[in-house]
Amino acid sequence: MDLQHKVVWVVGASSGIGAALAREAQARGAKVAITARREAELAEVSGGAMLVLPADVTDAAAMVDCASTIEHTLGPIDVVVIGAGAWNTMDILSWDTDAFAETVQVNLVGTSNAIGAVLPSMLRRRTGVIAGITSPAGYRGFPTVEAYGATKAGMLNLLEGLRAQGNQHGIHVTTIAPTAVRTRLSSASRLRLPFSIDPDVAGRAICDGLERERVEIAFPHRMALPLKLIRMTPVRVWPALADRLTRDR
Ligand SMILES: NC(=O)c1ccc[n+]([C@@H]2O[C@H](COP(=O)([O-])OP(=O)(O)OC[C@H]3O[C@@H](n4cnc5c(N)ncnc54)[C@H](OP(=O)(O)O)[C@@H]3O)[C@@H](O)[C@H]2O)c1
């Protein structure tokens, strides 16, 4: 798939990976629409060249309105990349149920809201790409990462199931799994992962993967396989390793 002339909607595009991805897709000739809550940041990312649709991903009706505006303004959505993400550090000594719920609402329910907004048209047309930005934090449980990790594990599961259903209807589902991209969100997290990259490198990797119609886009490559292998670490051994990866910097 060539991104040129494709209609691409990036959800969570006011900063970080989403912003870089939107700019890269636009540079490749895509017609890009961007969504997040911060309007001024969206306008800056757009540079006047994208359709700016401020909205909260936790609002299902607002997501439907965005999708409808894009269809009427740019044409049917070819690709949606869902990357709206929230981070909350969890502490066993002061368990914050509100923070946990907010993380689930943005990362997991928000993903479902954006999927629900694009599905009717994609199903009708029997075409379209739904891509979600998950994380290796969903591969295993990390201390203090319980909220974020649970949502990313949920997304991995959600996208895998949706891929199997989508295959029956001409809809391609892509799982994006970046490791350590230097953004606002990663600086708030306590995961210590090597080989961190800048958002523009991530934006290029995602566009390359979308154009190659990958089912999974995991980068940087030298981290992708080792992180998958942590899934096989025995349950009894895992807590000590997880602790090392999340100890205070
Ligand atoms: N950085 C990494 O190393 C890394 C690794 C793996 C996965 N990821 C994932 O990559 C995605 C992008 O994160 P990032 O690292 O680029 O961090 P970021 O710069 O903080 O970007 C997060 C984006 O999500 C948007 N967002 C948050 N809550 C929202 C809401 N309720 N409604 C709509 N948009 C919302 C933010 O915009 P507003 O605040 O303006 O709404 C922002 O555009 C996230 O899903 C994250 O989990 C990141």
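Just so it is clear, the structure is predicted and the values come from calculations on it, not from any experiment.

Q: Explain the site of the ligand here, please?
A: Surrounding the ligand, one finds 28 residues, the nearest of these being Arg37, Arg38, Tyr148, Val181 and Thr183. Within the contact set of the ligand, an oxygen atom lies 3.0 Å away from a backbone nitrogen or oxygen of Gly83. One of the backbone nitrogen or oxygen atoms of Val181 is found 2.6 Å away from an oxygen atom of the ligand. Burial of the ligand by the protein chains amounts to 97% of its free accessible area of 870 Å².

Q: It is not clear to me how empty space enclosed by the protein should be interpreted in this structure. Could you clarify?
A: It is the rolling of a water-molecule-sized probe over the atoms that shows where space remains empty. Counted by the stated rule, this structure contains one cavity of 30 Å³ or more. When its volume is computed, the largest cavity comes out at roughly 40 Å³. Looking at the largest cavity, the residues that line it are Ser135, Pro136, Ala137, Phe142, Leu191, Leu193 and Leu227. When the residues that make up the lining of the largest cavity are grouped by side-chain class, the tally is six nonpolar, one polar and no charged.

Q: I'm lost on the packing of helix H3 (residues 60-73) against helix H4 (residues 97-125) in this one. Help?
A: Each pair of packed helices can be described by the angle between their axes along with the distance between the axes. Running from amino to carboxyl end, H3 crosses H4 at an angle of 40°, the nearest separation of the two axes being 7 Å. With respect to H4, the axis of H3 lies oblique. Note that H3 runs across H4; the crossing there is right-handed. Where H3 approaches H4, its residues Ala60, Met63, Val64, Ala67 and Glu71 are matched on the opposing element by Asn113, Ala114, Ala117, Ser121 and Arg125.

Q: Is there a simple way to explain the sheet that holds strand E7 (residues 216-219) in this structure?
A: In space, the seven strands of this open sheet follow the order E3-E2-E1-E4-E5-E6-E7, with parallel pairing throughout. Among the strands making up the open sheet, the edge pair consists of strand E3 (51-52) and E7. Taken together, the five bridges between strand E1 (residues 7-11) and strand E2 (residues 31-35) define a ladder with parallel strand orientation. Note that in E2 the partner of Val10 across the bridge is Ile34. Each of strand E4 (79-82), strand E5 (129-133) and strand E6 (172-178) is contacted by helix H5 (residues 146-167), which is oriented at about 155° to E6, the strand it contacts most. Where helix H7 (residues 199-211) meets the sheet, it contacts E4, E5, E6 and E7, and its direction lies at approximately 155° from that of E7.

What counts and how
- Here the residue numbers are simple positions, counted from 1 along each chain's written sequence.
- Restriction of local features to residues with pLDDT of at least 70 applies here, the model being predicted, together with a cutoff of 80 or more for giving and counting side-chain atom pairs; totals for whole chains, interfaces and linings are based on all residues.
- The side-chain figures draw on all heavy atoms in the structure; neither hydrogens nor water molecules are used.
- When at least one non-hydrogen atom of a residue lies within 4 Å of a molecule or strand, that residue is treated as near it.
- Counted as a polar contact is a pair of N or O atoms within 3.5 Å, where, for protein atoms, one must be capable of donating a hydrogen and the other of accepting one, and residues adjacent in sequence contribute only when both atoms are in side chains.
- To measure how exposed things are, a 1.4 Å probe is used in the Shrake-Rupley method; for residues, cover is taken only from the protein chains shown.
- In this analysis a 1.4 Å probe is tested at points of a 1 Å grid over the protein atoms alone, and where it fits but cannot get out there is a cavity; an open set with protein on both sides within 12 Å along at least five of seven lines is a pocket; lining residues have an atom within 4 Å of a point.
- Grid points are joined across faces, edges and corners, and a volume is the space filled by probe spheres set on the points.
- Following the grouping adopted for this structure description, the nonpolar residues are Ala, Val, Leu, Ile, Met, Phe, Trp, Tyr, Cys and Pro, the charged ones are Asp, Glu, Lys and Arg, and the polar ones are all others, Gly among them.
- All axes here are fitted lines through C-alpha atoms, helices being fitted over the stretch that makes contact, and every angle between N-to-C directions spans 0 to 180 degrees.
- Strands are runs of DSSP state E lasting at least two residues, helices are runs of H or I lasting at least four, and both sets are numbered from the N terminus onward.
- The cut-offs work like this: below 35 degrees is roughly parallel, past 145 is roughly antiparallel, 65 to 115 is roughly perpendicular, and the gaps in between are oblique.
- It is the rotation of the near helix from the far one that decides the hand of a crossing: anticlockwise by less than a right angle makes it left-handed, clockwise makes it right-handed.
- Here, two residues are considered to be in contact whenever any of their heavy atoms come within 4.5 Å of each other.
- At least two bridges found by DSSP between two strands are what make those strands a pair.

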